[in-house]
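# Architecture and fold: a report
Spelled out, the chains give:
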Amino acid sequence: MVEDEAALREVAGRILSGAGYHVLTAECGAEALALAVRHEGAIDMLVSDVVMPGMSGKELAERLVCARPATRVLYMSGYAQPVLHSQGTLDPGVALLEKPFTATDLLVAVRSRLDD
């Protein structure tokens, strides 16, 4: 779970942990990549904000999936999907959870990506 807003990162992490997922959290792309290098187990999914300081969620996903090809990606954003696509921030057809979201929205989106 990579999110630069601490409160959202904590809440989303608790929601996923409460549902039985093992969650690693980071506040930025560089921290997430460093965490992935240190983590010996599998990383089944990256849940990442799209717009973050330093490194976009798209760049983070590309770098993480290059190192760990089995990792699925779910993006989160407060921007509408058409805006992100028109700006070239995200490619069409990617999995995007729009903020604000409920606990159910998050759990359904994660399960859906894992089942793809």
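Residues numbered from 1 in each chain as written. Predicted model: local features only at pLDDT ≥ 70, side-chain atom pairs only at ≥ 80, totals over all residues. Heavy atoms only, no water.

## Some remarks on helix H1 (residues 6–18)
With 13 residues, H1 ought to run about 18 Å at 1.5 Å a step, and its terminal C-alpha atoms sit 18 Å apart, in line with that. Just downstream of H1 lies Gly20, where phi reads positive at about 100 degrees. (Helix = DSSP H or I, 4+ residues; strand = E, 2+ residues; numbered from the N terminus. Expected span 1.5 Å × (residues − 1).)

## Brief notes about the sheet that holds strand S3 (residues 96–98)
Read from one edge to the other, the open sheet built from three strands follows the order S1-S2-S3, with strand pairing classed as parallel. Since the sheet does not close on itself, it has two edges, and those belong to strand S1 (45–49) and S3, each with one partner. Across the sheet, the mean angle separating the axes of adjacent strands is 20 degrees when strand polarity is ignored. By the bridge criterion, three bridges tie strand S2 (residues 72–77) to S3 in an arrangement that is parallel. In the strand pairing of S3, Ser77 is matched with Glu98. Against the sheet, helix H5 (residues 103–115) makes contact with S1, S2 and S3, and its axis sits at roughly 150 degrees relative to S2, the strand it touches most. (Pairing = 2+ DSSP bridges. Axes fitted to C-alpha atoms, helices over the stretch in contact; angles between N-to-C directions. Contact = heavy atoms within 4.5 Å.)

## Topic: the pairing of S2
Most of S2 sits out of view: five of its six residues are buried. Bridge count between S1 and S2: five bridges; the pairing is parallel. Counterpart to Val47 in the pairing with S2 is Leu74. (Buried < 20%, exposed > 50% of the residue type's maximum accessible area, 1.4 Å probe, protein only.)

## A few points about the nonpolar core
A general tendency of soluble globular proteins is for nonpolar side chains to be buried together. Counting residues in hydrophobic clusters, the biggest one holds 16 residues, and the most contacted among them are Val2, Leu46, Leu60 and Tyr75. Those elements giving two or more residues to this core turn out to be helix H2 (29–38), helix H3 (57–67) and S2. If we ignore the near neighbours within four places in the chain, the residues touching Leu46 are Val2, Leu60, Ala61, Leu64, Thr71, Arg72, Val73 and Leu74. (Core = buried A, V, L, I, M, F, W, Y, C linked by side-chain atoms within 4.5 Å.)

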